[in-house]
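Secondary and tertiary structure notes
Now for the letters of each chain:
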Amino acid sequence: MSFPIVVWILTALAAVAIVLTRLRLKGDGAAGQFTISRRVPLAHFVAGVLALVLWLGVLVSPEDSFLGGPFVGILAIACWWVTAICGLLVLARWLPSRGRHVPAAAGDSWSDGPGLSLLAHLGMVVGVLVFTYAYLTAAV
């Protein structure tokens, strides 16, 4: 499988992770050990959508156009990093803690525990590393 195809597949998976995170965390009863600020999932979604739009522009536009140029490419990579960091902060709601007054972890209908969040957000970090490498080496 060629490297550009891997980048396209990871782009599609990143889009799925962004949308599913938004759907999973939009209500008050999100799963996890702790509650997190509503701003973190919102920043994850906004930066993710912006990154996706800019990144698709970089992938499909010629290099000599504005969308295929270095400004948009660097901005897209920066938005991907913001998305990945916010995703890791979303994972913080699953951090274990001890103590007498610690609430029990809340579940939801999506999964039994943090497995889905771990897969999506650690996968997002790996995907962003691949995007960064692909952009810096001009592989796409």
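Note: the structure precedes this text.
Worth saying up front: this structure is predicted, and the values here are computed from it rather than measured. (Residues numbered from 1 in each chain as written. Predicted model: local features only at pLDDT ≥ 70, side-chain atom pairs only at ≥ 80, totals over all residues. Heavy atoms only, no water.)

Here the focus is the overall build of the protein chain. Counting secondary structure elements, the protein chain contains four helices and zero strands. Starting at the N terminus and ending at the C terminus, the protein chain contains elements arranged as α-α-α-α. Counting every position in the protein chain, which comprises 140 residues, the buried fraction comes to 39%. Restricting to contacts in the protein chain with at least 6 residues of sequence separation, those with at least 24 account for 80%. If you sum the accessible surface of the protein chain, you get close to 8200 Å²; carbon and sulfur atoms cover 71% of it. (Helix = DSSP H or I, 4+ residues; strand = E, 2+ residues; numbered from the N terminus. Buried < 20%, exposed > 50% of the residue type's maximum accessible area, 1.4 Å probe, protein only. Contact = heavy atoms within 4.5 Å. Areas by Shrake-Rupley, 256 points an atom, 1.4 Å probe, with all protein chains shown as cover.)

For the rest of this paragraph, the subject is helix α2 (residues 39-60). For α2, spanning 22 residues, the distance from its first C-alpha to its last is 31 Å, which sits close to the expected 32 Å at 1.5 Å a residue. By the burial criterion, the buried members of α2 are V40, P41, H44, A47, G48, A51, L52, L54, W55, G57, V58 and L59. In this fold, the buried residues of α2 make contact with α1 (3-25), α3 (70-91) and α4 (115-136). (Expected span 1.5 Å × (residues − 1).)

With 22 residues, α3 extends 32 Å between its outermost C-alpha atoms, agreeing within 8% with the 32 Å of an ideal straight helix rising 1.5 Å per residue. If you check which residues of α3 are buried, you get V72, G73, A76, I77, C79, W80, T83, A84, C86, G87, V90 and L91. Buried-residue contacts for α3 involve α1, α2 and α4.

The next thing to look at is the layout of surface pockets. Of the pockets and cavities examined, the largest pocket occupies roughly 340 Å³. Elements with a minimum of two residues in the lining of the largest pocket: α1 and α4. Ranked by residue count, the leading element in the lining of the largest pocket is α1, at nine residues. Looking at the lining of the largest pocket residue by residue, the class counts come to 13 nonpolar, five polar and two charged. (1 Å grid on protein atoms, 1.4 Å probe; cavity = no way out; pocket = protein on both sides within 12 Å on 5 of 7 lines; lining within 4 Å. Points joined across faces, edges and corners; volume = space filled by probe spheres on them. Nonpolar A, V, L, I, M, F, W, Y, C, P; charged D, E, K, R; others polar.)

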